Amino acid sequence: VAAPKVELSFTGSNSFKANGSGKNGTIYSECKLAIKGHGSANIDGGQNLSGICSTESMSIKNATLNIASAAKQGISCDRKVTVNGGATININSKGDGIHCNKFLYNGYNTTDGKSTITINSLYNTGCADGIDTDDYIIINGGDLFITALSEYKYALKVRKVINLKSDTYLHLTRIVGLLHYEPES
C-alpha cells in the first residue's frame, strides 16, 4: 500500500502566512508532499514556524517558492527533499535554509529547464547552515547560491556523502568555511 500523498499545484501568485503559534510549518504535512505547478508561492513562517515542514518526503518541481522564517528552517523535512528541474526556491531564514535527512537536487533537465536555489540568513549572528542533511547531498546540475554568515555554520553540511556533477554552479559564501563533512565513526 502506497503512503498517502498531498499535492500542491500552484498557478498564479499565492501567499501563505503563519497565523499564531505552533511547532511546525506554515505549510505542514504528515505525509508525502509534492509541490509543483508554474505559479509562485510566498510562504512566511513568521516568528514561530518553519516555512514548509513535512514528516515524510517532499518533492518540488517547476514552482517558484519564496520562503521566509524568522524562527526556524525555511524547509524542514524528516526524510528526503528532492528538487527537480524548473524550480526556483528563495529562502531567508534564521534556522537552516533546508534541513532534511537526504537532499537530491536534479537542477536541470531538457523538459523543465534549470532550477535555482538561493539561501540567505536573515541574521549575521545565530544563523544556521544553508543545507543541512543527516545522510547525503546529491547535486545533478542547476545553480545553488548559499550564504551562511555565522562563524560556526556551513553553506553545505552533510554527515555521510556529497556528490556534485560537473555541470553544477555553486556559489557558497561563509566567513570561515563552506563545507562541513562528518564521516560516520
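Residues numbered from 1 in each chain as written. Predicted model: local features only at pLDDT ≥ 70, side-chain atom pairs only at ≥ 80, totals over all residues. Heavy atoms only, no water.

> Would you take a moment to explain the overall build of the protein for this structure?
Assigned secondary structure in the protein consists of zero helices and 21 strands. In the protein, buried positions account for 46% of the 185 residues. Sequence-distant contacts in the protein: of pairs separated by 6 or more residues, those separated by 24 or more amount to 65%. When the accessible surface of the protein is summed, it comes to about 8800 Å², and 47% of that surface belongs to carbon and sulfur atoms. (Helix = DSSP H or I, 4+ residues; strand = E, 2+ residues; numbered from the N terminus. Buried < 20%, exposed > 50% of the residue type's maximum accessible area, 1.4 Å probe, protein only. Contact = heavy atoms within 4.5 Å. Areas by Shrake-Rupley, 256 points an atom, 1.4 Å probe, with all protein chains shown as cover.)

> Even after reading the chapter, I still don't get the confidence of the model for the protein, so can you show me in this structure?
The predicted coordinates of low-pLDDT regions are not to be read in fine detail. Residues with a pLDDT of 70 or more make up 77% of the protein, whose mean pLDDT is 79. In the model, residues 174–178 has pLDDT below 50 throughout and makes 17 contacts with residues more than four positions away in sequence or in other chains. (pLDDT = per-residue confidence, 0-100.)

> What exactly am I supposed to notice about the packing of aromatic side chains here?
Any pair of aromatic rings gets described here by the distance separating the centres and the angle formed by the planes. Under the definition given, this model contains two aromatic pairs. Seen from their ring centres, Phe10 and Phe16 are 5.8 Å apart, and the 55° between their planes marks the pair as tilted. When its relative accessible area of 30% is taken as the criterion, Phe16 is described as partly exposed. With 6.2 Å between their ring centres and 20° between their planes, Phe103 and Tyr105 make a pair best called stacked. Each member of the pair, Phe103 as well as Tyr105, carries the same accessibility label: buried. (Phe/Tyr/Trp six-rings, centres within 6.5 Å; stacked < 30°, edge-to-face > 60°.)

> Please explain the state of the cysteines as it appears in this structure.
Cysteine pairs can be linked by a disulfide, which is a covalent bond between their two sulfur atoms. In this structure the tally under the stated criterion is zero disulfides. Sulfur of Cys100: no disulfide; nearest cysteine sulfur belongs to Cys77 and is 6.4 Å away. Since its relative accessible area comes to 1%, Cys100 is described here as buried. (Disulfide = S-S within 2.5 Å.)

> Looking at this structure, how should I read the pairing of strand S4 (residues 32–37)?
Regular strands show a simple pattern: their side chains alternate between the two faces of the sheet. Where strand S1 (residues 5–10) meets S4, six bridges bridge the pair, whose relative direction is parallel. Paired with Ser9 across the two strands is Lys36, which belongs to S4. Sheet topology places S4 next to strand S7 (residues 58–60); three bridges connect them, and they run parallel. Looking at S7, one finds that Leu33 is bridged to Met58. (Pairing = 2+ DSSP bridges.)

> What is the right way to look at the pairing of strand S5 (residues 40–44) in this model?
Note: strand S2 (residues 13–17) against S5, five bridges, orientation parallel. Of the residues in S5, the one forming a bridge with Asn14 is Ala41.

> So what exactly am I meant to see when it comes to the pattern of salt bridges here?
A side chain of one charge can pair with a side chain of the opposite charge if their charged atoms are brought near each other. Counted according to the given criterion, the structure contains five salt bridges. Linking Glu7 and Lys5 is a salt bridge whose minimum nitrogen-to-oxygen distance equals 3.9 Å. For Lys5, a relative accessible area of 52% corresponds to the exposed category. Of the charged contacts in the structure, one is a salt bridge between Arg79 and Glu56, with a shortest N-O distance of 3.4 Å. (Salt bridge = Lys/Arg side-chain N within 4 Å of Asp/Glu carboxyl O.)

> What should I look at first to understand the environment of Asn109 in this one?
Within the element layout of this structure, Asn109 appears in strand S13 (residues 108–109). Using a relative accessible area of 25% as the deciding quantity, one classes Asn109 as partly exposed. Residues Asn109 and Gly86 lie 23 residues apart in sequence; the distance between their C-alpha atoms is 8.1 Å.

> How should the nonpolar core be read in this particular structure?
Note that soluble globular proteins tend to have their nonpolar side chains buried in a common cluster. Among the nonpolar cores identified, the biggest contains 33 residues, and Ile52, Leu65, Ile75, Val81, Ile98, Phe103 and Ile131 are the most heavily contacted of them. The biggest single contributor to this core is strand S12 (residues 98–105), with four residues. Residues in contact with Ile98, not counting those within four places in the same chain, are Ile75, Val81, Ile91, Phe103, Ile119, Gly130, Ile131 and Asp132. (Core = buried A, V, L, I, M, F, W, Y, C linked by side-chain atoms within 4.5 Å.)

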